[in-house]
Structures are given as C-alpha cells and as structure tokens.
Amino acid sequence: MTSRQVARTRVLVLTLVAALAVSVPAASAADDPIISEPQPVDESVIAAPSPGTAEAEVVVYDMYFPIQGGADYSNNFGDCRGGSSCPRTHEGIDILKPKMTPVLAVASGFVGWMHDEQGGDCCAFEINHDDGWESWYIHLNNDTPGTDDGQGWGFAPGVAPGARIEAGQLIGWVGDSGNAESSPPHLHFELHRPGGIVVNPYDSLQAATVLNAPLGHGKTAGCDFNGDGYDDLAVGVPGEDLNGSAKVDAGSVTVIYGSATGLRANGAQQITQGTPGVDSRAKAGEQFGFATACGDVDGDEIDDLVVGVPGETVAGKANAGAINLILGSESGLSATGENFWNQARASAATPAEVGDRFGEALAVDDFNNDGYADVAVGVPGEKVKGKPGAGLVTILYGSAAGLDGTAATFSEATAGIGGTPGPGDGFGSALAAGDFNEDGNADLVVGIPGEDTATKTDVGAVMTLYGSGS
C-alpha cells in the first residue's frame, strides 16, 4: 500500500467549550429530591441530609458536560428546599434544557441504583465511576414525546442496573419526572466523592468538555445527521425525474429523521443537485443518489452525508462520475462550502474518463488515523493498465473543512494487493468499511463482480484491504 494506508482512528476529536453559567430563575423549591439511599423513594417527602454529607469546597472534577451542546444553569447548590424553615438543602445543580435533549455520561463506570419503573418510580439513576466517584442523573424524561402522560422512558438503550457506561455515552433525555412535573424540564445533576460525600458540581460543570453529539458506544451506529442521538435514514432515488420529464433520472435523496418513536415524516428533506448550496447542476441521467454513505468527515461529532453521482458528466466526459458531500449540523443536513468532488478535482486521483462511474459505490471510515472520516469511492469503469473497466477505488481524505482535496488510489495493479486487473472486472463496484479483524484499524472490502478464474468468466470475487494503523 501507499504511505497513507487504510487505518482506523480511536482518537476522539472534541470541541472544548466551557459551559456558560447564566443567571436564570431557579426551579421551584420542590423540584429536586435529595435521594439519600440507592432505592425507590417517595420524592414528595424526602428526609433532610445527615450533617456532614455535603461539602461546599471548590472541586473541579475532570468530566464531560452532562447535556449535549451545553445548557443554562446557575449555582443553586445549597439552596433551601422544603419551605421557609429550610429542612433540607439542594445537593445538586439544575441544568435547564427542553424535554428530550440528550443526556450524556460525564465519566466511565457502571450503573448503580436506578429508578426505572415505567409509569411509576421513574426516571433517575447513578453511575459509579471507575475512580470511585459517582454522578447522579435525576428528572430524566418519563413522557411519550410530545405529551406529558408519564408513560415514557427516559433511559437510552443499554442503560440498566450493572451495565457498563462509557464517558460521553448517550444515557437518556432531559425531562420533568419525579416531583418536577410542575417545573420547567431540567436535569438535576449531582456529583459525589468516593464514600458518597456530595460536592458542589458547579465548578466542574464550568470546566467540563461540552460534546455536540454522543461518543463511544452510546453514539448511534447508523447515520445521525442532526446529532440528537437517533438514527436517521437517507434513501437514494437515482431514477427521480426533476422538472417534470425535463431531467429524467437526475436523481434525488430523501432524508427521514429519527426520534424516540422511530422515523418521523415531519421534517424530512429532499436533496438534489438543484437544492440551494449543492454544487453542480442537476441534469438528466446523472443518477444523484445511486449510492449513499455517512460518517463524520469534518470531525464535529455529527454525521455527514456522501452522495454518489456516477452519471455526472465531467469536462465533457459522460458518466465520468462525481460525489457530493452534505454536512450535518444540529439543525440537520446543510449544503455549505465546496461539496462537489470528482477525479478532476482530487489531487493524486486518476483522470476522469468516459464511463468511469466514479461514485457508483461508497464507504466511509477514518482510513488515515487522523480523527476525520474519509470517503472510499468506487470507480468500477476505470481503465487500469490498458484494461477497460478493470476498476479502482479512490480514497478522499477528510478534514475540519470537509474533504481536503488529497486522495490515494487502489486497484488490482497496486503493489502488494495481489490481484491482476482484467477487462470488465469492475473492481470497486461494491464497498464496505469496518474493523473486520478487530485490531482497531479500519479495513475496506472491495467487490469485483467481473473477476475471472482460470477457467470461468465473471465468477466474481471479494478483496479485503486490511488496515495497518499507519
């Protein structure tokens, strides 16, 4: 392989943003419990904490912010609760955010006590950190989205007593459960030293790293184009006609966003090369949407959409092919900046030729170990060593600005791959990326449907290019 071999990063690119503390009205005096034992309790009647169970000293604990994207909060730790006689004090910080805002684990550990009775004693729990500290998450959502019915579920999949939780993982959603039903939705967050002593988490929240999307195994395994923790669906429609029948098979992609109750039609997008901001112009036969793939190309922790346009004409070369990169954001997919790429634009890529069909297949992963997802593009019609249609794969590399314009190519003629290019092999007709040998590096599987054996034609083959971590 070349010096930029296929590899997968474990590096997490984080946006370090200090959470702003602003003066906001504190939630009502009844809205946050002091839960003194890891077992179901009546949140309407909570005993005052025993003397010496809370500390007022300044503590800065290294952690992630518990709500995606940051939030408004004030230092209401120690405020009186339970009436004018102050029978108890507030042992956490109220972090205000709308219902269903994702809640993230501040540190790695295991789930301890949990109030998880749907429609009853719900929804709160603790994480026992690996270093002996504890974080408590109270007033998670208990409503069916869009209602206040008390019949919802505030925990993310996999959150259960004893479950392993990783720092930055999606663990639930903001709500108004428990005795916060009459208060604005918020997360009551507590931080406990080893031994259970409560500390004021305010300074730790101020210094915490804010994430724009979940990390690790809490991040959606599919495509999350708006960073809300739910999988979204991109459907390619390469045969879509635009402007009536004026642009036959120009193609489109429909994006349907996910929610707690599944895919929702409300807010769906149709994207074409006629959509404002999408580079190039929609033309007949281009087949925009023939292939789609997703990944975090610009490293902002929100997935981006790559669309194959194998019928694109480039410099007068019909069916040379192209791709469009549509960046994700907290408001969904938005076409900004340079987002149109073909073999004529990418440095080190092979020249665009008639029938190359660059973009017929796509796969996305971090192939150069820099923290940004890269795009593998199938070019099954490429001529290699004089063999028409032998095919190749081009890797376009990601950066903070999107694709950076550099590329590497692989074919059966690449040294070390071990194949022999033949006419009509179609190397790159299908692609898939993943860590197939579980060594921590991204690998790429390449389909070669026209591969011949010594005695038979077009029997096909699959080749795996293993990542090396360099």
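Structure: above.
Since the model is a prediction, treat every value here as computed from it, not as a measurement.

Chemist: Could you give me a rundown of the pattern of salt bridges, with the residues and numbers involved?
Modeler: What the rule picks out here adds up to nine salt bridges. A salt bridge links D143 to K99, with the shortest nitrogen-to-oxygen separation between them at 2.6 Å. Placement of D143 in the loop between β9 (134-138) and β10 (164-165) and of K99 in the loop between β5 (93-96) and β6 (102-104) is noted, with a sequence separation of 44 residues between them. For D143, a relative accessible area of 1% gives the class buried. On the accessibility criterion, K99 (27% relative accessible area) is partly exposed. E286 serves as the salt-bridge partner of K283, at 3.0 Å between the closest nitrogen and oxygen. On the basis of relative accessible area, K283 is assigned to the partly exposed category, the value being 31%. Bridged by salt links that share partners, the residues K99, D143, D148 and D176 form one connected network.

Chemist: Describe the state of the cysteines, and please don't skip the residues or the numbers.
Modeler: Here a disulfide denotes a covalent bond joining the sulfur atom of one cysteine to the sulfur atom of another. Following the criterion strictly, the structure yields three disulfides and no others. Bridging C80 to C86, the disulfide has an S-S length of 2.3 Å. Between C80 and C86, the S-S torsion sits near -95°, and that sign places the bridge as left-handed. On the accessibility criterion, C80 (43% relative accessible area) is partly exposed. Accessibility expressed as a relative area gives 25% for C86, which makes it partly exposed.

Chemist: Which residues make up the environment of D121, and what values do they have?
Modeler: Mapped onto the secondary structure, D121 falls in the loop between β7 (109-116) and β8 (122-129). Separated by 57 residues in the primary sequence, D121 and G178 have C-alpha atoms spaced 7.2 Å apart.

Chemist: So what's going on with the sheet that holds strand β16 (residues 262-271)? Which residues, and what values?
Modeler: Read across the sheet, three strands follow the order β14-β15-β16 without closing on themselves; strand pairing throughout is antiparallel. Looking at strand neighbours, the two that pair on one side only are β14 (233-237) and β16, the edges of this open sheet. Each strand of the sheet is rotated relative to its neighbour by a mean of 25°, with strand direction disregarded. The pairing of β14 with strand β15 (residues 252-259) spans five bridges and is classified as antiparallel. Paired with L233 across the two strands is I256, which belongs to β15.

Chemist: Provide a residue-level description of the environment of A390, including the pertinent values.
Modeler: Structurally, A390 is set in the loop between β22 (374-379) and β23 (392-399). Separated by 61 residues in sequence, A390 and E451 have C-alpha atoms that sit 9.0 Å apart.

Chemist: How would you summarise the packing of aromatic side chains if you had to cite specific residues and measurements?
Modeler: Applying the stated criterion across every chain, the model contains eight aromatic pairs. When the ring of Y137 is compared with that of F189, the centres are 5.7 Å apart and the planes differ by 65°; the resulting orientation is edge-to-face. Pair noted here: Y137 is in strand β9 and F189 is in strand β12 (residues 186-192), with a separation of 52 residues, a long-range link. In this structure, Y137 and F189 share a single accessibility class: buried. Taken together, the ring pairs in this structure connect F125, Y137, F155 and F189 into an aromatic cluster. The lysine or arginine in question, R357, covers the ring of F290, its NZ or CZ lying 5.2 Å from the ring centre.

Chemist: If you had to explain the sheet that holds strand β25 (residues 430-434) to someone new, which residues and values would you point to?
Modeler: With antiparallel pairing, three strands are arranged side by side in an open sheet as β25-β26-β27. Two strands lie at the open edges of the sheet, namely β25 and β27 (461-465), each paired on one side alone. Neighbour-to-neighbour, the strand axes of the sheet open up by a mean angle of 20°, direction not taken into account. Inspection of the sheet shows β25 paired to strand β26 (residues 443-448) by five bridges, in the antiparallel sense. Following the sheet pairing, A433 is matched in β26 by L444.

Chemist: Explain the pairing of β23 to me, using residue names and the numbers behind them.
Modeler: Within β23, eight of the eight residues are buried, which leaves the element mostly enclosed by the surrounding structure. A two-sided burial pattern is seen for β23, the buried positions comprising L392, T394, L396 and G398 on one face and V393, I395, Y397 and S399 on the other. Relative to β23, β22 runs antiparallel, the two being bridged by five bridges. Bridging from a neighbouring strand, A376 pairs with I395 of β23. Here β23 pairs with strand β24 (residues 402-410) via six bridges, running antiparallel. Within β24, the residue paired with L396 across the bridge is A407. The turn linking β23 back onto β24 is made up of two residues.

Rules used in this analysis
- Along each chain, residue indices are assigned from 1 in the same order as the chain's sequence is written.
- Note on the predicted model: pLDDT of at least 70 is required for a residue's local features to be given, and 80 or more for side-chain atom pairs to be given and counted; whole-chain, interface and lining totals, by contrast, use all residues.
- As a rule here, side-chain values cover all heavy atoms of the structure and leave hydrogens and water aside.
- Each reported salt bridge corresponds to a side-chain nitrogen of Lys or Arg within 4 Å of a carboxyl oxygen of Asp or Glu.
- Labels follow the DSSP assignment, with helices taken as runs of H or I lasting at least four residues and strands as runs of E lasting at least two, numbered in each case from the N terminus.
- Only protein chains enter the accessibility calculation, which uses a 1.4 Å probe; a residue whose area is less than 20% of its type maximum is buried, one above 50% is exposed, and one in between is partly exposed.
- When two cysteine sulfur atoms are found within 2.5 Å, that pair is recorded as a disulfide.
- In this analysis, strands are considered paired if DSSP registers two or more bridges between them.
- For helices, the fitted line uses only the C-alpha atoms of the stretch in contact; every axis is such a line through C-alpha atoms, and the angle between N-to-C directions lies from 0 to 180 degrees.
- What counts as a ring pair is set by centres within 6.5 Å for rings of Phe, Tyr and Trp (its six-membered ring), and what kind of pair is set by the plane angle: stacked under 30 degrees, edge-to-face over 60, tilted for all other angles.
- Throughout this description, the term charge over a ring refers to an Arg CZ or Lys NZ atom that lies within 6 Å of the ring centre and within 35 degrees of the ring normal.

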